[in-house]
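# Summary of the model geometry
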Amino acid sequence: MRELLARNWGWIVLRGVMAVLFGLIAIIWPDITVLALVFLWGAYAIVDGITAGWVGFQSGTSNRWLWILTGISGVLAGVISFAWPGVTAMVLLIFIAVWSIMVGVFQIVSAWQLRKEVEGEWLLALSGALFVLLGAFLLIRPGQGIAALTIALGIWALIWGVTLVALGLKARQLVPTR
């Protein structure tokens, strides 16, 4: 692993720089970042739909229609995301909000069940409460929620990128001198 890091330190630094640039773009232009993510997902859905449909047409099995319907739904979802990116972003936000609330409730219930078995279960409950609050915020203020999620993603990318740059520069020191 040491040799692998030493040989590829430049690539690690490049990944870090790219993450930092993405993070800055996400923070400075959150609307553009959301739009780009929606279009990227739309392109994925179209390619996935075409692939699934192709498998269905090539298949001689009885469930070929499931593959074909999966393909059609993927292509339609992708086209819809390009035609109505705002609606797509809102649907994704609602999905994330509902997921966040569900995860939060599950964590709170788990903490309640663990309270007699471990110390510090309140941290799990606190984490769950924060998930519920995040989900509620996203549902109550969806416009601000999209921007907040994008900025949070940007901050995460900045931290990750700086960490990768530091790792790459540290790995550079592992290169044996000749």
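As a reminder, the structure under discussion sits directly above these lines.
Residues numbered from 1 in each chain as written. Predicted model: local features only at pLDDT ≥ 70, side-chain atom pairs only at ≥ 80, totals over all residues. Heavy atoms only, no water.

## Considering the packing of aromatic side chains
As enumerated under the stated definition, the model contains three aromatic pairs in all. The interplanar angle of 10° and the centroid separation of 5.1 Å between the aromatic rings of Phe39 and Phe82 together place this pair among those described as stacked. Of this pair, Phe39 sits in helix H3 (residues 30–58) while Phe82 sits in helix H4 (residues 64–83), placing them 43 residues apart in sequence. When the centroid spacing of 5.7 Å and the interplanar angle of 85° are considered together, the rings of Trp99 and Phe131 count as edge-to-face. Here Trp99, found in helix H5 (residues 85–114), pairs with Phe131, found in helix H6 (residues 121–140); they are 32 residues apart in sequence, far enough to count as distant. Note on Phe131: relative accessible area 23%, which makes it partly exposed. (Phe/Tyr/Trp six-rings, centres within 6.5 Å; stacked < 30°, edge-to-face > 60°. Helix = DSSP H or I, 4+ residues; strand = E, 2+ residues; numbered from the N terminus. Buried < 20%, exposed > 50% of the residue type's maximum accessible area, 1.4 Å probe, protein only.)

## Focus: H4
With 20 residues, H4 should reach 28 Å at 1.5 Å per residue; the first-to-last C-alpha distance of 29 Å fits that figure. Taken as a whole, H4 has its buried residues at Ile68, Gly71, Gly74, Gly78 and Ser81. Within H4, the buried residues cover an arc of 160° as seen down the axis, which keeps them to one side. Pointing more than 90 degrees away from the buried face of H4 are the exposed residues Trp65, Leu66 and Leu69. The inward-facing, buried residues of H4 contact H3 and H5. (Expected span 1.5 Å × (residues − 1). Arc of directions from axis to C-beta. Contact = heavy atoms within 4.5 Å.)

## Observations regarding the nonpolar core
Core analysis: the biggest nonpolar cluster contains seven residues, these being Val34, Val38, Ala89, Leu93, Ala97, Leu138 and Ile146. Tallying contributions element by element places H5 first for this core, with three residues. In contact with Val38, not counting residues within four places along its chain, are Ser81, Pro85, Thr88 and Ala89. (Core = buried A, V, L, I, M, F, W, Y, C linked by side-chain atoms within 4.5 Å.)

## Re the packing of H3 against H4
Contact geometry for H3 and H4: axes closest at 7 Å, N-to-C directions at 160°. Taken together, the axes of H3 and H4 lie roughly antiparallel to each other. By crossing handedness, the relation of H3 to H4 is classed as left-handed. Considering only residue class, the contact of H3 with H4 consists of 16 nonpolar, nine polar and one charged. (Axes fitted to C-alpha atoms, helices over the stretch in contact; angles between N-to-C directions. Parallel < 35°, antiparallel > 145°, perpendicular 65-115°, else oblique. Left-handed = near helix turned anticlockwise from the far one by under 90°. Nonpolar A, V, L, I, M, F, W, Y, C, P; charged D, E, K, R; others polar.)

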